[in-house]
Amino acid sequence: MSLSIPVATLGTPRIGLKRELKFALESYWAGKSDQAALLDTARALRAANWARQAKRGVTIMPSNDFSFYDQVLDTSLMVGAIPAIYGDKADLDTYFAMARGAQGATETCAHGHVHTTGHGVPAQEMTKWFDTNYHYMVPEFTPDQAFRLTSLKPVEEFIEAKTLGHHTRPVLVGPVTFLTLGKGVEHPVRLIDRLLPVYVDLLKKLADAGADWVQIDEPVLALDGSVDVAAALQKTYARFATEVPELKIMVASYFGDLNENLYVATSLPVAGLHIDLVRAPEQLDAVLDAAPKDLTLSLGVIDGRNIWRANLPAILDRIAPAVKRGNIQIAPSCSLLHTPIDLELETGLDADVKSWLAFSVQKQSELVILARALNEGRDSVKAELDASAQAAAARAASPKVHSAAVRARLAAVTPDQAQRAQPFAARAALQRQAFALPAFPTTTIGSFPQTSEVRKARSDHGKGTIDDAQYERFLKDETERAIRWQEEIGLDVLVHGEFERNDMVQYFGEQLSGFTFTKHGWVQSYGSRCVRPPVLYGDVARPAPMTVAWWQYAQSLTDRPVKGMLTGPVTILNWSFVRDDQPRWESCRQIALAIRDEVSDLEAAGAKMIQIDEAALREGLPLHRSDWAHYLDWAVESFRLCASGVRNETQIHTHMCYSEFNDIMDAVAAMDADVISIETSRSKMELLDVFKTTKYPNEIGPGVYDIHSPRVPEVSEMTDLLSLARERLSDAQIWINPDCGLKTRKWDEVKPALVNMVAAAKALREPV
Ligand code: GLN
Ligand code: ZN
C-alpha cells in the first residue's frame, strides 16, 4: 500500500496504556526508584507509541511529543529559561523542582507551627493550555533574559526513533507561542530576537541528525490576532527559512480558526500549515483561497479533543475541494494528547455507546481510512466507510440519547428560577446572624487526602474483595476522623472530606443519566496527574439524591457547619467529553437542573451551607474574545439556575481554581454566590490586580496555601498574602482557605499547613 497523501498524528498521549509514566514518576519522586528506572520506562513508552502508530499505518509519526511533565516546561529547560532560584543546571531534578517545587528542611517551633528552613523553592505557576484541561508550566522571563540551548531532547528522541527504524517528524513548541505564554516581562514576545538563535541552532542539529520535516506548534494562531505576534511569526519563520533552508517546517495551528491570523499564517515562508477543521470547519474555503499552491496543507479533520467516532464519508465530502487542490496531509485537529489511548480496553461500555466512540488509536485508524479512500478510491475501504456512516446515523436516532421528559422540563424553566429571593446584602445579614462565625472564618475547599488506604479501599470495593458494608464503614471512619481533626485544630466551617468520591466530576456523572464512564480512558491533566473524563452522550437527569447521605452523616458528628459539596454544571460540562450533536449551553442547562434538584434535597436535609464548585468556569472561555459574552451568559445562567432554589439563610459557596478574573469579574459577581474561594497563592500579583478596578461584592476566600506543591507554607507567608488581600477587600468579606481541595496532598503536608493557616487567622483576629 503506497500512500501518496500522508497521515500525521501531530502528537500522541504519552502517559502509557496503563499510566506507566505516572507510576514511574511518582516512584522516582518518592525516592523509591532511581533515575535509570524512570528513563527506562520513558524509553519503553516512546517505543510502544511509535510501534502502535506504525502498525495502524500512520505515515508521519511525531517525535519529541513525549514529556516527563509538560512540553512547555521541556522548552523552558531546553532554551535555558530557568529562573535563578532553581540554579543553573538543566537537569531532570531542576526540571522537577520547577514543576513541583522543592521542600527545604522543616522544623516545628514551640507554638507547634511548621517553619521551612533550608532552600525550599516554590513550583512555577501552572495554568491551562488554551481551552483544554491540560496544564502547562508558565515560562518565566526576566528583562535581561538570555537564552541558550541547554538540552538536546528533540534531537535525542529523533535519533532514538531512528534507531528503532522510524523516521519521525519532531515536534517543537513554537518560539512565538512559547514566549507568548510566558510571564515576567511586559511583552515576552519581544524577546524573540534573543530566542531565535537557540531554535536555529536546534533546527540545524535536527537537520544534521537526518530530520527532513519538523512540526512547529503555534497554537497562538488560534488566538485573537496581535501586531506583535504577527511580526514575531514573520520574523521567526523568515529566519528559519534562510538559516535552515534544508528543513521543511509544518507550522501547526489548532484549537480554532485562524481568523485574523489567516493572512500571516498562509504567507509564512514554510513548507506546510496545519489547520483545525473540527473546531473551525468553515475556515477551509478561506484557507484554500489564501494558501499558495506549494504550501502543503495538513487538514485536521479527526477530533483530537473529543472521543466521538467520525462520520468518515461526511468528512471526505467536506474536504473534497482541498483534495482537488492537492498537496495535502490528513491529520487530527490537534495532537491526540487530549484523548484516551485505546477504546479496545473498554469492555464494560454499553455496546451502542461504544460503537459511537473512537480513542487515540481508533482515530489513527480513521485517519488511515480517510487517506486510503483518497489514495485508492472509496471502494477500497467501502466496509469501513459504511460502518462509520451507520454508527453516526444510529447515534442520531437512538433513544439512549434523547429524552422527551428532560426536553420538556428544560422548556418550562422560568427566569425567576435563576434568581435568589433577596439580594446579597439582605442574605448576608441573615446568614451572619444564623452562623455567628468569627472574623476571617477558616474553611477548606472540600477534599482531604486521598491516601493509598482510601484508594485501596475503593479499588477493593470495586473488585468486590470488600463488601458494601465494609466499604461504608471504612468511609465513615475516615470521615469521622477528618471531622474530629478539623474541630481539634479549630477550623470554623468543616467539610466531610470527599473520601467517597473518586473525582469531583466522575462522582456526579456516575449518578446522572446521560453519562457513561471508561475504565482506562485516562488523559493527562498535569504532570503525573490524569483524569478520566466522563462521556456525556445523552440527555441528563438525576434519578436520586447523590450526596445527601454523606453530608448528613458528617453533620451528625459535629455542631459546626459542614458544607454540602457539589460540582457545578459548567465544571461538569467543561471536564467531560461532551456531546457534539447539540450546543454546549444546552447540555449545561440540563446538568444545571439536575444539580438544582440536589441543592434542594441538601437544604431539605438541613444543610445550611452548600458549596457548588465551578473550578472550570474560566477555562471554558472561548479563545476569541468576541465569543466570551455569549459563553459567560449561559455559564452564569446555568450556575444561577442550580443555585437559586434555596432560602435566603442558606449560604451558597462556590470555588474557582484560579484568580485571574479581572476580565470576567462581572460574570463572577453575577453568579451571586454568597462566598467564593479562589486560588491565589502562586500568583500574588494577580490578587492585587483583580480587585483594583472592580470590587468583588460578596464574601471571598483568597487561597493562602498552594496545594499543588508538597511545601508547607509558613504562617508569615499566609499573613503576608492576607495583608495584600486586605488592601483590596474589606475585612468582613474575607475568608481564609487553601487554594483548592487537598486530595492530592499527604496528611503530613496538610496537617501542618492547616495548623499554620488557622494560626494565620488567629494572628489576624488578635493582632499583637
Ligand atoms: N471540592 C473540590 C475538592 O476540594 C474542589 C476541587 C476543585 O475545584 N478542583 O476537591
Ligand atoms: Zn480548585
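Residues numbered from 1 in each chain as written. Chains lettered and ligands numbered in written order. Predicted model: local features only at pLDDT ≥ 70, side-chain atom pairs only at ≥ 80, totals over all residues. Heavy atoms only, no water.

## Overview of the overall build of the protein
Point 1. Secondary structure summary: the protein contains 28 helices and 20 strands in total.
Point 2. For the protein, the C-alpha radius of gyration of 26 Å lies close to 27 Å, the compact-globule estimate for 768 residues.
Point 3. Across its three principal directions, the C-alpha atoms of the protein cover 75 × 60 × 55 Å.
Point 4. Across the 768 residues of the protein, 62% fall into the buried class.
Point 5. Expressed as a percentage of contacts within the protein between residues at least 6 apart in sequence, the contacts between residues at least 24 apart total 78%. (Helix = DSSP H or I, 4+ residues; strand = E, 2+ residues; numbered from the N terminus. Rg over C-alpha atoms; globule rule 2.2 N^0.38 Å. Buried < 20%, exposed > 50% of the residue type's maximum accessible area, 1.4 Å probe, protein only. Contact = heavy atoms within 4.5 Å.)

## A few points about the packing of helix 23 (residues 584-605) against helix 24 (residues 628-643)
Point 1. Helix 24 packs onto helix 23 with a crossing angle of 20° between their chain directions and a minimal axis gap of 7 Å. The angle between helix 23 and helix 24 falls in the class roughly parallel. Along this stretch, helix 23 crosses helix 24, giving a crossing that reads as right-handed. Every residue of helix 24 that contacts helix 23 at R584, W585, C588, R589, A592, L593, I595, R596 and V599 is listed here: H630, W634, E637, S638, L641 and C642. (Axes fitted to C-alpha atoms, helices over the stretch in contact; angles between N-to-C directions. Parallel < 35°, antiparallel > 145°, perpendicular 65-115°, else oblique. Left-handed = near helix turned anticlockwise from the far one by under 90°.)

## Brief notes about the sheet that holds strand 20 (residues 699-702)
Point 1. A sheet is described by the order of its strands in space; here five strands give the open sequence 16-17-18-19-20, paired in parallel fashion. Unpaired on one side and paired on the other, strand 16 (564-567) and strand 20 mark the two borders of the sheet. Averaged over all pairs of adjacent strands, the angle between strand axes in this sheet comes to 20°, irrespective of strand direction.
Point 2. Looking at chain direction, strand 18 (residues 651-656) and strand 19 (residues 675-678) are connected through four bridges and run parallel. Residue pairing across strands places M656 opposite I678, the latter belonging to strand 19. (Pairing = 2+ DSSP bridges.)

## As for the sheet that holds strand 9 (residues 272-276)
Adjacent strands of a sheet pair through backbone hydrogen bonds, lying either parallel or antiparallel.
Point 1. The seven strands are arranged 1-6-7-8-9-10-11 in an open sheet whose pairing can be described as parallel. Among the strands making up the open sheet, the edge pair consists of strand 1 (61-63) and strand 11 (328-332). Averaged over all pairs of adjacent strands, the angle between strand axes in this sheet comes to 30°, irrespective of strand direction.
Point 2. Each of strand 6 (168-173) and strand 7 (213-217) is contacted by helix 7 (residues 192-208), which is oriented at about 170° to strand 6, the strand it contacts most.

## Structural notes on the packing of aromatic side chains
Point 1. Inspection of every chain in the model, using the stated rule, returns 20 aromatic pairs.
Point 2. Residues W29 and F96 carry aromatic rings whose centres are separated by 5.5 Å and whose planes lie at 85° to one another, so their mutual orientation is edge-to-face. Residue W29 is found in helix 1 (residues 20-29), and its partner F96 is found in helix 4 (residues 92-100); the two are separated by 67 residues along the sequence.
Point 3. The exposure class assigned to W29 is partly exposed, which follows from its relative accessible area of 21%.
Point 4. Ring centres 4.7 Å apart and planes at 80° place the aromatic pair Y254 and F255 in the edge-to-face group.
Point 5. Since its relative accessible area comes to 3%, Y254 is described here as buried. (Phe/Tyr/Trp six-rings, centres within 6.5 Å; stacked < 30°, edge-to-face > 60°.)

## Considerations on the pattern of salt bridges
Point 1. Following the criterion strictly, the structure yields 46 salt bridges and no others.
Point 2. As a salt-bridge pair, D201 and K205 come within 3.0 Å of each other at their nearest N and O atoms. Here K205 and D201 lie together in helix 7, a separation of four residues that amounts to about one turn.
Point 3. Residue D477 is joined to R473 by a salt bridge in which the shortest nitrogen-to-oxygen separation is 3.1 Å. (Salt bridge = Lys/Arg side-chain N within 4 Å of Asp/Glu carboxyl O.)

## Thoughts on the nonpolar core
For soluble globular proteins, nonpolar side chains are generally found buried alongside one another.
Point 1. Judged by nonpolar contacts, the single largest core of 109 residues is most densely connected at F448, I612, L617, F661 and L754.
Point 2. The residues contacting L617, other than those within four sequence positions of it, are V570, T571, N574, Y631, L632, A635, M656, Y658, I664 and M671.
Point 3. In terms of nonpolar packing, the next biggest core, distinct from the first, is built from 95 residues, Y134, L196, I249 and A322 among them. (Core = buried A, V, L, I, M, F, W, Y, C linked by side-chain atoms within 4.5 Å.)

## Observations regarding the coordination of the zinc ion (ligand 2)
Point 1. Surrounding the zinc ion (ligand 2) are the protein donor atoms H655 (NE2), C657 (SG) and C740 (SG), which sit 2.0 to 2.2 Å from the metal.
Point 2. The sequence pattern describing where the donors of the zinc ion (ligand 2) fall on their chain is H-x1-C-x82-C. Placement of the pair is H655 in strand 18 and C740 in the loop between helix 27 (715-728) and helix 28 (747-765), with a sequence separation of 85 residues.
Point 3. The class of H655 is buried, set by a relative accessible area of 2%. (Donors = N, O, S within 2.8 Å, 3.2 Å for Na, K, Ca; no water.)

## Quick look at the site of ligand 1
Point 1. Taken together, 13 residues are adjacent to ligand 1, and S447, E498, D613, H655 and G741 come closest.
Point 2. The side chain of D613 places a nitrogen or oxygen atom 2.7 Å from a nitrogen atom of ligand 1.
Point 3. At a separation of 3.4 Å, an oxygen atom of ligand 1 approaches a polar side-chain atom of H655.
Point 4. When ligand 1 is considered free in solution it has 300 Å² of accessible area, and contact with the protein chains removes 96% of it.
Point 5. Looking at the shell around ligand 1 residue by residue, the classes come out as six nonpolar, four polar and three charged. (Near = heavy atom within 4 Å. Polar contact = N/O pair within 3.5 Å; in protein donor to acceptor, adjacent residues only side chain to side chain. Areas by Shrake-Rupley, 256 points an atom, 1.4 Å probe, with all protein chains shown as cover. Nonpolar A, V, L, I, M, F, W, Y, C, P; charged D, E, K, R; others polar.)

## Brief notes about the side chain of S67
Point 1. Of note, S67 is situated in the loop between strand 1 and helix 3 (71-78).
Point 2. Within the structure, the side chain of S67 is placed 3.1 Å from the side chain of Y95, a separation counted as a polar contact.

## Focus: the pairing of strand 11
On a regular strand, each side chain points to the face opposite its neighbour's, so the side chains alternate between the two faces of the sheet.
Point 1. Most of strand 11 is tucked away, with five of its five residues classed as buried.
Point 2. Across the two faces of strand 11 the burial is the same, with I328, I330 and P332 and Q329 and A331 all buried.
Point 3. Where strand 10 (residues 296-302) meets strand 11, five bridges bridge the pair, whose relative direction is parallel. Note on strand 11: the bridge partner recorded for L299 is I330.

## A closer look at the confidence of the model for the protein
Point 1. For the protein, the average pLDDT comes to 95, and 96% of its residues sit at 70 or higher.
Point 2. Segment residues 105-118: pLDDT under 50, and 29 contacts once partners within four positions in sequence are set aside and those in other chains are kept. (pLDDT = per-residue confidence, 0-100.)

## Some details on the pairing of strand 13 (residues 523-526)
Point 1. Two strands pair when backbone bridges link them, and strand 13 and strand 14 (residues 529-531) are joined in this way by three bridges, in the antiparallel orientation. By the bridge assignment for strand 14, Q524 is matched with C530.
Point 2. What sits between strand 13 and strand 14 in their antiparallel hairpin is a turn of two residues, with G527 showing a positive phi close to 50°.

## What to know about the environment of A428
Point 1. Tracing the backbone shows A428 in helix 17 (residues 424-435).
Point 2. The class for A428 is buried, based on a relative accessible area of 4%.
Point 3. Distance in space between the C-alpha atoms of A428 and E157 is 59 Å, their sequence separation being 271 residues.

## Considering the side chain of S398
Point 1. Along the chain, the position of S398 falls in the loop between helix 15 (382-397) and helix 16 (404-411).
Point 2. For S398, the side chain forms a polar contact with the main-chain nitrogen of K400, separated by 3.0 Å.

## Here we look at helix 1
Because the α-helix completes a turn every 3.6 residues, residues three or four places apart line up on one side.
Point 1. Among the residues of helix 1, those classed as buried are L21, K22, A24, L25 and Y28.
Point 2. Residues of helix 1 that are buried make contact with helix 2 (35-56), helix 4 and strand 14.
Point 3. Positioned one or two residues after helix 1, G31 has a phi angle of 75°, which is positive.

## Let's talk about the packing of helix 3 against helix 4
Point 1. Orientation of helix 3 relative to helix 4, taken along the N-to-C sense of each, is 130°, at an axis distance of 11 Å. Judged on the interaxial angle alone, helix 4 and helix 3 are oblique. By crossing handedness, the relation of helix 3 to helix 4 is classed as right-handed. Facing L73, D74, S76 and L77 of helix 3, the residues of helix 4 in contact are T94, Y95, M98 and A99.
Point 2. Grouping the constituent residues of the contact of helix 3 with helix 4 by class yields five nonpolar, two polar and one charged.

## As for the environment of L602
Point 1. Summarising the element assignment, L602 is placed in helix 23.
Point 2. Under the relative-accessibility criterion, L602 is labelled buried at 0%.
Point 3. Along the sequence, L602 and P292 sit 310 residues apart, while their C-alpha atoms lie 61 Å from each other.
Point 4. Filtering out sequence-adjacent residues up to four positions away, L602 remains in contact with T547, V548, W551, G564, L566, A607 and I610.

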